[in-house]
Amino acid sequence: MAVDQIKNVIMHWTEGEINSFIKVWLAAYISLFYCYSACKILTGGISRLTCFLPVVCLFLLLPLQLHSMHLGGITAFFLAWLANFKLLMFAFNTGPLASPSISFPRFLAVACLPIKLIQQNTSKKTEKNETSNPNNGNWSVKNYAMKGLLLALIVKTYSFEEYIHPIIILVIYCFHIYFALEIILAIAAAMARGLLGAELEPQFNEPYLSTSLQDFWGRRWNLMVSRILRPTVYLPVLYWSTGIMGRQWAPLLAVMSTFIVSGLMHELIFFYLGRVKPTWEITWFFLLHGVCLNVEIVVKKVVNGRWQLPRLVGTVLTAGFVMVTGFWLFFPQLLRCGGDQRGLAELSAVGAFVKDVARAVGFAVNSRV
């Protein structure tokens, strides 16, 4: 009887969105097995690309089956963006999937999760660093535990939203998005690390410590996206434009092209979240950052190391610029589709699910006693 109650609670909560989530990812796994099998027969090039295109189209459609902010957003990011870009690279024998000896479990994890395996030489260097700093692993766990606690406090803060100035709420949204993204990606990486037993490169590097836009976008914020956009957009445009514009100016066009593609992919993710017509504010956000980053690159070339801002000043200016432009161009689209309220409602639902399961388990234990 008690076991039946636990089953009923789980069945009740797994209906609807979670059921669709399971079906979507099952379809994704089957599709990736098809790609893995096809690569054993087809060599890289147009033939493999033609074989992969139906899967790419499917991965663009699968997120439409989900309507929640968290499950839908994660699936859209992992499949429609990261997995598709990795498959397109793999079609031409490049990218993280192109290792000839890669096993299917590793292929599956690398294809659909925001992870990158550390190469052997890098792994040895990392192992050496960890040996020299025995507290490094503990610090990482404590770091994520602290960020999880801060995220919980942020969610609790929304209960007093009517008493808080709207500007402060937007600042809180910035930290909410950062903490949520880092924790979600860290969980995905931890799962992959547990299954594969491999070292993984980090996804974030304390972006609030960035001293410039170049530092923020290139070395600290959502590094998995940077690693995907560099070989798929930046390097091809750089190679193509060098012969036309010269080596001095070609990087500027490559940077702008990368930010344009990033903006368009963010527009797609926001469409999956809200199912509303794009207003292109997100694209303008990335265009503005691309232009400002190019200005920063040119200024650094002109100055040539003779002068630079103090680290603290650079950090304050960078964080301020990212937040202000985010308030202006990034958050309106998120708020317009009710993303904040829907996200909080989903977190409340997760809390209710945990309470229901705990109540059912408690009833089962008491009934046996």
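Think of each chain on its own: its residues are numbered from 1, step by step along the sequence as written. Where totals are concerned, whole chains, interfaces and linings use all residues; where local detail is concerned, this predicted model gives features only for residues with pLDDT of at least 70, and gives and counts side-chain atom pairs only at 80 or more. Excluded from the side-chain calculations are hydrogens and water; all other atoms, namely the structure's heavy atoms, are used.

Participant: Please explain the pattern of salt bridges as it appears in this structure.
Facilitator: Oppositely charged side chains are able to pair whenever their charged atoms sit close together. Basic side-chain nitrogens of Lys or Arg form a salt bridge, by our definition, when they fall within 4 Å of a carboxyl oxygen of Asp or Glu. Under the defined criterion, the tally for this structure stands at six salt bridges. Across the pair R219 and D215 runs a salt bridge whose closest N-O atoms are separated by 3.3 Å. Placement of the pair is R219 and D215 together in helix 9 (residues 213–220), with a separation of four residues, close to one helical turn. According to the relative accessible area criterion, R219 is partly exposed, its value standing at 47%. Since its relative accessible area comes to 8%, D215 is described here as buried. Among the salt bridges present, the one from E281 reaches R336, with a minimum N-O distance of 2.9 Å. Here R336 lies in helix 13 (residues 311–336) and E281 lies in helix 12 (residues 281–303), a separation of 55 residues in the sequence. Salt bridges here are not isolated pairs; linked through shared partners, they connect K147, E182 and E206. Where helices and strands are cited, they refer to DSSP runs of H or I of at least four residues and of E of at least two residues respectively, numbered from the N terminus. The rule is simple: take the accessible area with a 1.4 Å probe, protein chains only, and divide by the maximum for that residue type; under 20% is buried, over 50% is exposed, in between is partly exposed.

Participant: I'm lost on the state of the cysteines in this one. Help?
Facilitator: In a disulfide, the sulfur atoms of two cysteines are covalently bonded to one another. Disulfides are defined in this document as cysteine sulfur pairs within 2.5 Å. Throughout the structure, instances matching the rule amount to zero disulfides. Considering cysteine sulfurs only, C51 is the nearest to C35, which forms no disulfide, with 6.7 Å between them. Taking the relative accessible area as the measure of exposure, C35 reaches 0% and is therefore buried.

Participant: What am I meant to see in the nonpolar core here?
Facilitator: What tends to happen in soluble globular proteins is that the nonpolar side chains get buried as a cluster. We define the nonpolar core as a collection of buried residues of types Ala, Val, Leu, Ile, Met, Phe, Trp, Tyr and Cys that are connected through side-chain atoms lying within 4.5 Å of one another. The biggest cluster of nonpolar side chains holds 89 residues, and the ones touching the most others in it are F59, L79 and W81. The contact criterion used is simple: two residues touch if any of their non-hydrogen atoms lie within 4.5 Å. Residues within four places of L79 in sequence aside, it is in contact with V24, W25, A28, F59, L62, N84 and C112.

Participant: For this particular structure, what's the right way to read the packing of aromatic side chains?
Facilitator: Aromatic rings in a pair are described by how distant their centres are and how their planes are angled relative to each other. When two rings of Phe, Tyr or Trp (its six-membered ring) have centres within 6.5 Å they constitute a pair, described as stacked for plane angles under 30 degrees, edge-to-face for angles over 60, and tilted for the intermediate range. Enumeration over the complete set of coordinates arrives at 29 aromatic pairs. Summarising the aromatic geometry, the rings of F77 and F78 are spaced 5.8 Å apart at their centres and angled 50° between planes, so their arrangement reads as tilted. Since its relative accessible area comes to 5%, F78 is described here as buried. Measuring from ring centre to ring centre gives 5.7 Å for W217 and F286, while their planes differ by 50°; the resulting arrangement is tilted. Of this pair, W217 sits in helix 9 while F286 sits in helix 12, and the two are 69 residues apart along the sequence. Two conditions define a charge located above a ring, namely a distance within 6 Å from the ring centre to NZ of Lys or CZ of Arg, and an angle within 35 degrees of the ring normal. Sitting over the face of the ring of F90, R48 holds its NZ or CZ atom 4.8 Å from the ring centroid.

Participant: Whenever I open this one, unusual backbone geometry confuses me. Can you help?
Facilitator: Keep in mind that most residues, glycine aside, have a negative phi and that most peptide bonds are trans. Phi is positive for E206, which is not a glycine, with a value near 45°. Structurally, the position occupied by E206 is in the loop between helix 8 (166–196) and helix 9. Positive phi is not limited to glycine here, since R275 has a value of about 55°. Note on placement: R275 falls in the loop between helix 11 (250–274) and helix 12.

Treat this as a map of the structure, not an account of what it does.
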